[in-house]
Structures are given as C-alpha cells and as structure tokens.
Amino acid sequence: MIIGIDARAAAEVPAGRGRVVRELLPALDALGTEHRFELFCRRPWRDVELGPRFAWREIALPDPLWHAAAAVRSRGAMDAFFSTNSYLTAWMLSPPCVILVHDLIAFLPSARGQARATRIERATIRPAIRRAARLVCNSRSTEADLIRLFPRSAGKTSVIGFAAGERFHDPPRGARLAAILDEHGAAEDGFVLASGTLEPRKNLPRLVRAHARLPEPLRRSHPLLIAGPHGWEQDELMRTARGREDVRLLGFVPEEHLAALYGAASVFCYPSLYEGFGLPVLEAMAAGACVVTSDRSSLPEVGGDAVVYANPDDEASIARALERLLSAPEERRALGERGRARARTMSWEQTARGVVDEVERAVRGQ
C-alpha cells in the first residue's frame, strides 16, 4: 500500500504531538513492511534518515489550505491516509482515513485548552468522525471520553498507546550529566522536577503551593524545577512562583537535557488535571525517576503500580506524596526500578505495528 501521513508535527512541534510523530516514523521504518509512506509536511524533518520507502511531500501553505492541498494530492495516489494532528484533513480525503485522537481537551471546559485550538477542534471533529474509517485513541481513557461525547464513534475506535524513546531509557551519565545539571543549576538527587507546557491543565500553581507546604529542610534541599515552554494563561503560575527562591522556571528543555533531569531528579511530579496519554510520566519512569502523578484520566493506565498517586485538586494531597517520597530514599529507588521495568513493556514498535494494522483494517473496510 501507499500510506499518506500528516507528518507536519515532526518539524513544527517541539514536544507532545511532535515527539509522537518523531518516534513513530523511525519505528514504522524499522518494521520493514512493504508499504510505502508519503509524509506530508510544510518542511521535512531530517534529524533521522528514513529508508527508501519514505518520501517527504512538502506543501508550503498555511492552514486550512494545507489540508485541502494534502487531500487533493492524496486523491488517486494513496491507498489510505493517517491523520496525526488534525480532524480537518479527513473532510476532504477520498482514500480511507485513520485519525489519531490524542485527547478531548477541547470538549472539557475544566481543561482550559488553548482558545484557538479549542474552537478548531470543536468545529471539525463531527464531520471527521463521520468520514473516518478508524479512530485510534492513545488510551482507554481517551476512547471512553470520545465515545461518551460522540456516540457515533463507537465501533470505529481502537486503543494504541505510546512509549518512551530510547534516549529516556538511557539518560546521560557521568560528565555529560554533570554538565547538564550544572547548566540548569541542579544537583543530582537534590530537586523535584515538573515538566510540560505552561498551561492551566498542567496544574503547576497548585504544585508550587504544595511544594511550599513541605517542611523547610526538605523544601530548601529539594527546589522545584519546572521545565517547559510558555503556553497560555500563565499569570497564576507566575504570581505563585514570584519571589520563591526554591522554584525555578527552566523554559523549554531539549530532549537530552530532559532525559538527564528525569534521571537525576529526587521526584518527578506531574499533577495534571487531564491527559490523553501522559507521555512525560512514561518518559520519567523510563529514566528511572520516582514519579508522583494524578489519580485520574489516563495517568493510572500509564503509571500502573509503579508510581504514587495524588489528588490533583488538593495541594495537601500533592504535598503529602512529595514529603513521603523525599523522606524515603529506599522507596524512591524501588519505585524508580519498578517504573523502568514498566516502561520497558511499552515500545514504539508496538505502536507502529498497531497503526499499520489499523490502516490495513481501514483499507479492507473492516
């Protein structure tokens, strides 16, 4: 088959959906199937050399013209199309379309998604569901939300989870680790780490207040480092962190540095209010971090029994989990090892195989 893929995010999105596409493409290549892949983009991603079955197809147009052009170029030339980052392309496609559903943030007011993205997803999802041959959800939680909000999707869905990339399973060590920690003003096993785009759903102001509740010796010896690019509605976080010498906002951190920080942190804390999957939790587990995360949405699917859960609406609950683990190095080590083992049960090879299976199923009309 010839399979079209929306691969824009590989070069355009530093984290999140971009990381998913950057991990998926080499995994598809490694499968060694006879299928060919046409990678639709605005600019190619060249960090990894893909095999001869992969070809980049550049369309230098803004949205929504990009989607119309991709659909026109697919007509008669593709056996199927895998839409990784938009519902809009599916409207205009003639070949069978498989859509990756990352989350339902746009339809959950409490998640306070980015305003423009929310408007677009609300306007485009219903026709896309009607048009899609298959809907791939990244967790059972996302699948349940999709079917609850859009019953028409029932019967078209499947669940294919993500994985942590190899760089997270083997984070920097030795002199390289020391250099990265020095650059960020961190000491090994001497800080609490959080990561994610600075947006309301990540619940970072509550984490800052929870950190402030720690006994002073623990708080002073374990500052809170927050790694992530600027997002939206950040005022509360900035107010809460202002004047706190034991809270540092690192900004965007490249993947190698993030892997090092995960592996060196005393605790990685991810008190998100809602996640479609929660890839940072799995990446931190792969790096051997002791993890505290939320007891809701998809996060228990990812963490299993290898993390400690807290109520993300209750800063006292987050603070208790942090204090417990920061005071118990043996428990931290045991959870880190358990997290590593659990993360190894999930692979991008499994994800890629699942995607190919769903595309083949779509073409067969099943």
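In what follows, the structure referred to is the one given above.
Described in the following lines is the structure provided in the data block. Here the structure is a predicted model, which is why all the values come from computation and not from measurement.

So, on to the packing of helix α15 (residues 315-326) against helix α16 (residues 329-343). Relative orientation of the contacting elements α15 and α16 amounts to 100 degrees, with a least axis distance of 6 Å. Classed by the angle they form, the pair α15 and α16 counts as roughly perpendicular. From α15, R324, L325 and L326 reach across to α16, where they touch P329, E331, R332 and L335. Split into classes, the residues belonging to the contact of α15 with α16 amount to four nonpolar, no polar and three charged.

A cis amide bond, omega 0 degrees, links D63 with the succeeding residue P64. Non-glycine residue D189 carries a positive phi angle of around 55 degrees. With respect to the secondary-structure elements, D189 resides in the loop between α8 (174-183) and β8 (192-195). Located in the positive-phi region is S297, a residue other than glycine, with phi close to 50 degrees. Residue class for S297 comes out partly exposed when judged on its relative accessible area of 25%.

Where burial is concerned, most of strand β2 (residues 36-41) is hidden: five out of the six residues are buried. The pairing of strand β1 (residues 2-6) with β2 spans five bridges and is classified as parallel. Within β2, the residue paired with I2 across the bridge is R36. As defined by bridge partners, β2 adjoins strand β3 (residues 54-58) across five bridges and the pair is classed as parallel. Residue pairing for β3: F40 is matched across the bridge by R57.

Conventions and cut-offs
Position numbers for residues start from 1 in each chain and track the written sequence from start to end. Local features in a predicted model are, by the rule used here, given only for residues with pLDDT of at least 70; side-chain atom pairs are given and counted only at 80 or more, and totals for whole chains, interfaces and linings are based on all residues. Side-chain numbers come from the whole structure's heavy atoms, not from hydrogens or water. Comment: axis = line fitted to C-alpha atoms, over the contacting stretch for helices; angle = value between 0 and 180 degrees taken between N-to-C directions. Runs of E in the DSSP output that reach at least two residues are strands. Runs of H or I that reach at least four are helices, and both are numbered from the N terminus. For this classification, under 35 degrees means roughly parallel, over 145 means roughly antiparallel, 65 to 115 means roughly perpendicular, and everything else is oblique. A contact between two residues is defined here by any heavy atoms of the two lying within 4.5 Å. When residues are grouped by polarity, Ala, Val, Leu, Ile, Met, Phe, Trp, Tyr, Cys and Pro land in nonpolar, Asp, Glu, Lys and Arg in charged, and all others, Gly among them, in polar. Buried, partly exposed and exposed residues are distinguished by accessible area as a fraction of the type maximum, computed with a 1.4 Å probe on protein chains only: under 20%, between the cut-offs, and over 50%, respectively. Two strands make a pair as long as DSSP finds a minimum of two bridges between them.

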